[in-house]
Amino acid sequence: MNRVFAYIVQRAGVIDDSAGEFIQTARKIDGSQIPTAIVTGFGAELETACACLRPVFGEIWKISNQALAYSNAELVRQALVCVLPAKSIVLISHDHFGIDLAPGLSIKLDCPFASDVVAIDNVQGDSVTVVRQEFGGQISAHYKCDLSSGAVINLRPGAFRAESNSGVSGVVVDKSSQVGALAAKRRYLETIVAETGDVDITKHAVLVSVGRGIQEKDNIPIAEELAEALGATVSCSRPVVDAKWMAKSRQVGSSGKTVKPKVYLACGISGAFQHLAGIKGKPFLIAINKNAKAPIFQVADIGIVDDLLEFLPELTNKVRELRGAVAK
Amino acid sequence: MEILVCVRRVPDTSENEIELDSEGNDIARDELVYSINEPDNYAVEEALQIRDRVGGNVTVVTVGGEDDEEVLRRELAMGANRALLLSDDAFTESDGRGIATILKDFVKREKFDLILTGVQADDGAAQIGGMLAAMLDLPFASLVNSIEVDGQKLKISREIEGGNREVNEIDLPCVLSIQTGLNEPRYVGMRGIRQVASIPIATLGASDLAVDQVSVGKAAAKVVRIDYFVPAQGQGAEILRGSREEKAERVAELIAARGGLR
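Residues numbered from 1 in each chain as written. Chains lettered and ligands numbered in written order. Predicted model: local features only at pLDDT ≥ 70, side-chain atom pairs only at ≥ 80, totals over all residues.

1. Looking at the overall build of chain B
- Helix and strand counts for chain B stand at seven helices and 13 strands.
- Taken along the three principal axes of its C-alpha coordinates, chain B extends 65 × 45 × 40 Å.
- Considering chain B as a whole, with its 262 residues, one finds that 47% of them fall into the buried category.
- The long-range fraction of contacts in chain B, counting pairs at least 24 apart against all pairs at least 6 apart in sequence, stands at 69%. (Helix = DSSP H or I, 4+ residues; strand = E, 2+ residues; numbered from the N terminus. Buried ≥ 20, exposed ≤ 12 C-beta atoms within 10 Å, placed from the backbone. Contact = placed C-beta atoms within 7 Å.)

2. Digging into helix α5 (residues 220-230) of chain A
Residues and elements named next belong to chain A.
- Taken together, the buried positions of α5 are Ile222, Ala223, Leu226, Ala227, Ala229 and Leu230. Down the axis of α5, the sector holding all buried residues measures 160 degrees, keeping them to one side.
- The first or second residue beyond α5 is glycine 231, which carries a positive phi of 75 degrees. (Arc of directions from axis to C-beta.)

3. Looking at the sheet that holds strand β7 (residues 113-117) of chain A
All names here are of chain A.
- Taken in spatial order, the seven strands of this open sheet run β7-β11-β6-β1-β4-β5-β12, and their pairing is parallel. A single partner strand is all that each edge strand has here, and the edge strands are β7 and β12 (171-174). The mean inter-strand angle of the sheet, taken between neighbouring strand axes irrespective of direction, is 25 degrees.
- Against the sheet, helix α2 (residues 43-53) engages β1 (4-8), β4 (36-41), β5 (59-64) and β12, with an angle of about 165 degrees to β4. (Pairing = 2+ DSSP bridges. Axes fitted to C-alpha atoms, helices over the stretch in contact; angles between N-to-C directions.)

4. Digging into the sheet that holds strand β8 (residues 153-159) of chain B
- Reading across from one edge, β13(A)-β9(B)-β8(B)-β7(B)-β10(B)-β6(B)-β1(B)-β4(B)-β5(B)-β11(B) is the order of the 10 strands in this open sheet, with mixed pairing throughout. What marks the edges here is a single partner per strand, and that holds for β13 (186-192) of chain A together with β11 (202-204) of chain B. With direction set aside, neighbouring strand axes in the sheet form an average angle of 30 degrees.
- The sheet contact formed by β13(A) and strand β9 (residues 165-171) of chain B spans six bridges and is antiparallel. When the sheet's bridge partners are listed, Arg187(A) is paired in β9(B) with Glu169(B).
- Lying over the sheet, helix α1 (residues 38-54) of chain B contacts β1 (2-6), β4 (57-63), β6 (114-118), β7 (140-150) and β10 (174-178) of chain B, oriented at roughly 155 degrees with respect to β6(B).
- Lying over the sheet, helix α4 (residues 128-136) of chain B contacts β1, β6, β7 and β10 of chain B, oriented at roughly 70 degrees with respect to β7(B).

5. Some words on the packing of helix α3 (residues 73-83) of chain A against helix α4 (residues 96-108) of chain A
Residues and elements named next belong to chain A.
- Axis separation between α3 and α4 bottoms out at 9 Å; the angle between their running directions is 40 degrees. The orientation of α3 with respect to α4, classified from their angle, is oblique. In terms of crossing hand, the pair formed by α3 and α4 is right-handed. The segment α3 lies against α4, with Ala73, Val76, Arg77, Leu80 and Val81 engaging Phe97, Asp100, Leu101, Gly104, Leu105 and Lys108. (Parallel < 35°, antiparallel > 145°, perpendicular 65-115°, else oblique. Left-handed = near helix turned anticlockwise from the far one by under 90°.)

6. Some details on the interface of chain A and chain B
- Residue-level contacts link 74 residues of chain A with 72 residues of chain B.
- When its residues are assigned to classes, the side of chain A that touches chain B shows 33 nonpolar, 17 polar and 24 charged.
- Where strand β10 (residues 139-146) of chain A and strand β12 (residues 223-229) of chain B come together, six bridges link them in antiparallel fashion. Looking across to β12(B), one finds that Ala141(A) is bridged to Tyr228(B). (Nonpolar A, V, L, I, M, F, W, Y, C, P; charged D, E, K, R; others polar.)

7. Points about the pairing of strand β8 (residues 119-124) of chain A
Residue and element names in this part refer to chain A.
- Here β8 runs beside strand β9 (residues 127-134); their pairing, made up of five bridges, is antiparallel. Paired with alanine 119 across the two strands is valine 131, which belongs to β9.
- What sits between β8 and β9 in their antiparallel hairpin is a turn of two residues, with glycine 125 showing a positive phi close to 55 degrees.

8. Let's talk about the domain arrangement of chain A
- Here chain A is described as being made up of domain 1 (4-178) and domain 2 (201-327).
- Taken together, the residues that form the side of domain 1 of chain A that touches domain 2 of chain A break down as no nonpolar, four polar and no charged. (Domains from an automatic or database assignment.)

9. Let's talk about the nonpolar core
- Judged by nonpolar contacts, the single largest core of 122 residues is most densely connected at Ile8(A), Leu53(A), Leu91(A), Val152(A), Val5(B), Ile102(B) and Leu132(B).
- In terms of residues, this core owes the most to one element, α4(B), which gives seven residues.
- Apart from the residues lying within four places of it in its own chain, the contact partners of Val152(A) are Val90(A), Ile92(A), Ala102(A), Leu105(A), Ser106(A), Leu109(A), Cys111(A) and Phe113(A).
- Membership of the second largest hydrophobic core comes to 47 residues, among which are Val234(A), Tyr264(A), Ile279(A) and Ala287(A). (Core = buried A, V, L, I, M, F, W, Y, C linked by C-beta atoms within 7 Å.)

10. A closer look at the packing of α4(A) against α4(B)
- Orientation of α4(A) relative to α4(B), taken along the N-to-C sense of each, is 40 degrees, at an axis distance of 7 Å. Between α4(A) and α4(B), the angle is such that the two are oblique. You can see that α4(A) and α4(B) cross each other, and the crossing is right-handed. On the side of α4(A), the interface is formed by Pro103(A), Gly104(A), Ile107(A) and Lys108(A), while α4(B) contributes Gly130(B), Met131(B), Ala133(B), Ala134(B) and Met135(B).

11. Here's the deal with unusual backbone geometry
- That bond from Leu172(B) to Pro173(B) is cis: its omega, -5 degrees, falls within 30 degrees of zero.
- Topologically, Pro173(B) is positioned in the loop between β9 and β10.
- Positive phi values are uncommon outside glycine, yet Lys87(A) reaches one of about 65 degrees.
- Residue placement: Lys87(A) occurs in the loop between α3 and β6 (89-93).

12. Let's talk about the environment of Met131(B)
- Inspection of the secondary structure puts Met131(B) in helix α4.
- Sequence separation of Met131(B) and Asp113(B) is 18 residues, and the distance between their C-alpha atoms is 17 Å.
- Excluding residues within four positions of it along the chain, Met131(B) makes contact with Pro103(A), Gly104(A), Ile107(A), Gly96(B), Arg97(B) and Ala100(B).

13. A look at the confidence of the model for chain B
- Looking at chain B, the pLDDT average stands at 94 and 99% of residues meet or exceed 70.
- Interface scoring of the predicted complex returns ipTM 0.93; its pTM is 0.91. (pLDDT = per-residue confidence, 0-100.)

14. Points about the pairing of β1(A)
- Of all five residues making up β1(A), five are buried, and the element is well covered by its neighbours.
- Residues Val4(A), Ala6(A) and Ile8(A) line one face of β1(A) and the alternating positions Phe5(A) and Tyr7(A) line the opposite face, and both faces are buried.

15. A closer look at helix α3 (residues 96-109) of chain B
Residues and elements named next belong to chain B.
- For α3, which comprises 14 residues, the first-to-last C-alpha distance of 21 Å matches the rise-based estimate of 20 Å (1.5 Å per residue) to within 8%.
- By the criterion of burial, α3 is predominantly enclosed, with 11 of the 14 residues buried.
- Among all positions in α3, only Gly96, Arg97, Gly98, Ile99, Ala100, Thr101, Ile102, Leu103, Asp105, Phe106 and Val107 are buried. (Expected span 1.5 Å × (residues − 1).)

16. What about the environment of Ser249(A)?
Residue and element names in this part refer to chain A.
- For serine 249, the position within the fold is in the loop between α6 (238-242) and β16 (263-267).
- Spatially, the C-alpha atom of serine 249 lies 43 Å from that of glycine 180, the residues being 69 residues apart in sequence.
- Contacts of serine 249, omitting those with residues within four sequence positions, involve Glu195, Thr196 and Gly197.

Written out as structure tokens, the structure is:
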């Protein structure tokens, strides 16, 4: 089997959480090898990252270059093409950096690209069968990927169990001299940190979260009334922000805020993984959706199959009644 | 500025529940409603706004068949200057790399300053833009959520974790994959579509594009979907039964029991 590599993203010397997840994936592709880590950067940050990787990987290839001090996918690609042997299998995390890097890398390595893989099903001869989710997680698909000329495989962060190799003390191999001058036609300028907005949804114990099922902006007061009755606040999923019905600061998900409420009401939210990735701390999750097959019902504690425009006002009434009864 | 937008027609998940067919290995396609892939529509809107600010033309292109003409016509109604369909039996069952190869051969015939794609299709892999850029040796950025034109370069921002934005400058010509939400795509009514009904949509095939037929189609595909399936499910939610009122009462009690009434 071809040699398996894992490209590890480091930022300021901190290695990405996904590093341990590559070990299990590599074993599923070829049980006989621990993947070789590749990490890029410059100076003390890169040394710190290498030290963190030594207990996890048997071999760590480092590429030190001043141009790689900030991870720019175009430059990282040039560097990887210089050092990777022919027919390598390269594992990359399917995050905003992996989406930038991997498709173009597969072209430069002249090998297939399997994107956003959530499971490795089996390996037969020269090909691997992987699982992907499509249509916002409504359905899964098996894909067969030919490995005979190597492959770039992007793995969904969090989909694979992290594993560590206890007792491993990896060797760091300096590959910097194999990389020539690096020049990019795209240059990093700055990072703009998201605004908190009028309400900090990460601080609330109860969230009434609305999705596409709310249908139009004029229906949002229905959710706001429920939130008011509960003493909660309203958050939302991405389509609601894209439609400009609510502010970006209210969005829960991988491209929005990470929240840790006690109770989460998902109202008309289908349950795509990008949204679920923003819900931490295992809240009591109540899903209201008119589609009985919505993926949200797989992860919710309680499900109500109903039109939320009808159900939420009824729930608001019941909450008010309950409060009245408690007050008496 | 000459701008190309690569678009695709996909099953519309806001209109359809995607389910397995009776054979159990493909999605039920008979009653699917199709529309333009959502991020692609944002890409077209962005292209139109850039053209209206700095001048030039917007061309939309898709790889597909006759059925896909409807999304091209829709984008003409939005205001695109030109639409082309890349279609040939030899293109059938191409994988992502095959599609990018066909687009690459089309781009090489023309001269574009800026090439946009949607970041990902609902049944896609977020791959075409990055592959196309690498084939053409052009700079690339994914998940773009703002674009400012600054002479021979662009100032762009990308969506990164936590709703933060990474600002870059990128030289023209370049390829960008566009994230949803960066603008408000204009509405297209039936009237607008009727007005462009007579505009011809040119179709280009493998020989027109001088596509190396060994590199596209089923035989060249190295990443191939075998089937669709519904994974074995966990316990899932307890689905409440009864009247709407009974269910609402139960939910209110459950929230209260979890300390949710404050």
